[in-house]
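Here are the chains, one letter per residue:
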Amino acid sequence: MRIILIGPPGAGKGTQCQKLVEHLRVPHLSTGEMLRAAVRAGTPEGVQAAASMEQGQLVPDPIILGMVTKRLEAADCRDGCLLDGFPRTLPQAATLDELLERQAMSVDGVIELAVPRDELVRRMLARKRADDNPEIFAKRIASFEVQTAPLLDYYHRQGKLASVDGLGTADEIFERVQAALERFARDRHVRARQGRRDPPWPEV
Ligand code: ADP
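The shown structure was predicted, so the numbers you read here are calculated from the model rather than taken from an experiment. (Residues numbered from 1 in each chain as written. Predicted model: local features only at pLDDT ≥ 70, side-chain atom pairs only at ≥ 80, totals over all residues. Heavy atoms only, no water.)

## Focus on helix α6 (residues 117–126)
In step 1: Those residues of α6 lying buried are Glu-119, Leu-120 and Met-124. Mapping the buried residues of α6 onto a view down its axis gives an arc of 140 degrees, with all of them on the same face. Exposed and facing more than 90 degrees away from the buried side of α6 are Asp-118, Arg-122, Leu-125 and Ala-126.
In step 2: On its buried face, α6 sits against α7 (134–148). (Buried < 20%, exposed > 50% of the residue type's maximum accessible area, 1.4 Å probe, protein only. Helix = DSSP H or I, 4+ residues; strand = E, 2+ residues; numbered from the N terminus. Arc of directions from axis to C-beta. Contact = heavy atoms within 4.5 Å.)

Next comes the structure, spelled out in structure tokens:
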């Protein structure tokens, strides 16, 4: 199953991603993690990305698309993957669709983890990460609202969006996530019956 998890910074994507990859047994593709690894390793991409990340801004597309393309074409992603932090803009989403289409694949479903802004700020103040100071955090939220939120409409129009309430315990939220997966599975069977792309995948 090919799933995208979308949520503002502080929505709890990390926890839900961990549960999702265990449940679906697919690789976890997190662009944030890939970038932090590149920064730690001091690669040319890492050096270039660090400047944007420290400012709470998006890393330029060529770096992101290069990393993601390579990862998506790897054999372990053949039967599915969980995309986390990508796509983050409409051009990235369009590029992803093209990339998958070339391999006769597509996105099965997109899960939005919805959390109100004041709750995000409250959570941020309770944790600590290098790009988490209040000013940078506000920029990351603004970037989400301006650049990433339009993706929700993009996937809604494709009939692939499930909005999940991100308030509650991690287990409660994961139950909602699982309900979304079941819906995606049903939709995929319907698409397959209608003769549209993507055969049903083995039950999870
Ligand atoms: P969060 O979801 O908490 O904002 P991530 O770990 O997903 O954090 O990303 C951290 C930073 O990495 C982002 O603020 C951004 O600078 C950069 N980044 C991650 N994914 C992308 C992407 N798809 N496009 C551009 N920049 C990205």
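The rest of the description comes next.
## Description of unusual backbone geometry
In step 1: Between Phe-86 and the following residue, Pro-87, the backbone shows a cis peptide bond with an omega angle of -5 degrees.
In step 2: One can find Pro-87 in the loop between β3 (81–84) and α5 (90–102).
In step 3: Look at Arg-25: it is not a glycine, yet its phi comes out positive at around 55 degrees.
In step 4: Turning to its location among the elements, Arg-25 is positioned in the loop between α1 (13–24) and β2 (28–30).
In step 5: The exposure class assigned to Arg-25 is exposed, which follows from its relative accessible area of 74%.

## Some details on the pattern of salt bridges
In step 1: Per the stated rule, a full pass over the model turns up 10 salt bridges.
In step 2: One salt bridge in this structure joins Arg-188 and Asp-108, with 2.5 Å as the shortest N-O distance. One end of the pair, Arg-188, is in helix α9 (residues 170–193); the other, Asp-108, is in the loop between α5 and β4 (109–114), and 80 residues separate them in sequence. Both residues of the pair, Arg-188 and Asp-108, count as buried.
In step 3: Residue Arg-157 is joined to Asp-153 by a salt bridge in which the shortest nitrogen-to-oxygen separation is 2.9 Å. With Arg-157 and Asp-153 both in helix α8 (residues 150–157), this residue pair falls 4 residues apart, about one helical turn.
In step 4: Of the residues examined, Arg-157 reaches a relative accessible area of 69% and is grouped as exposed.
In step 5: A network of salt bridges, in which partner residues are shared, links Glu-119, Arg-122 and Arg-123. (Salt bridge = Lys/Arg side-chain N within 4 Å of Asp/Glu carboxyl O.)

## So, the site of the ligand
In step 1: Surveying the vicinity of the ligand reveals 17 residues, the closest of which are Lys-13, Thr-31, Gln-57, Gly-85 and Arg-140.
In step 2: Here an oxygen atom of the ligand sits 2.6 Å away from a polar atom, N or O, in the side chain of Arg-140.
In step 3: Alone, the ligand offers 550 Å² of accessible surface; in the complex the protein occludes 95% of this.
In step 4: With 4 residues, the single largest contributor to the shell around the ligand is helix α2 (residues 31–41). (Near = heavy atom within 4 Å. Polar contact = N/O pair within 3.5 Å; in protein donor to acceptor, adjacent residues only side chain to side chain. Areas by Shrake-Rupley, 256 points an atom, 1.4 Å probe, with all protein chains shown as cover.)

## Some points on the packing of α2 against helix α3 (residues 44–54)
In step 1: Remark: α2 packs on α3, axes separated minimally by 8 Å, with the N-to-C direction vectors making an angle of 120 degrees. The angle between α2 and α3 falls in the class oblique. Handedness of the crossing formed by α2 with α3: left-handed. Across the interface between the two elements, Gly-32, Leu-35, Arg-36, Ala-38 and Val-39 of α2 pack against Gly-46, Ala-49, Ala-50 and Met-53 of α3.
In step 2: A class-by-class count of the residues in the contact of α2 with α3 yields 6 nonpolar, 2 polar and 1 charged. (Axes fitted to C-alpha atoms, helices over the stretch in contact; angles between N-to-C directions. Parallel < 35°, antiparallel > 145°, perpendicular 65-115°, else oblique. Left-handed = near helix turned anticlockwise from the far one by under 90°. Nonpolar A, V, L, I, M, F, W, Y, C, P; charged D, E, K, R; others polar.)

## Structural notes on the sheet that holds strand β5 (residues 161–165)
In step 1: A sheet is described by the order of its strands in space; here 5 strands give the open sequence β2-β3-β1-β4-β5, paired in parallel fashion. In the strand order of this sheet, the two ends are held by β2 and β5, each with one partner. The average undirected angle you get between the axes of adjacent strands in this sheet is 20 degrees.
In step 2: In the sheet, β4 pairs with β5 via 5 bridges, with the strands oriented parallel. Looking across to β5, one finds that Glu-112 is bridged to Ser-163.
In step 3: Where α2 meets the sheet, it contacts β2 and β3, and its direction lies at approximately 65 degrees from that of β2. (Pairing = 2+ DSSP bridges.)

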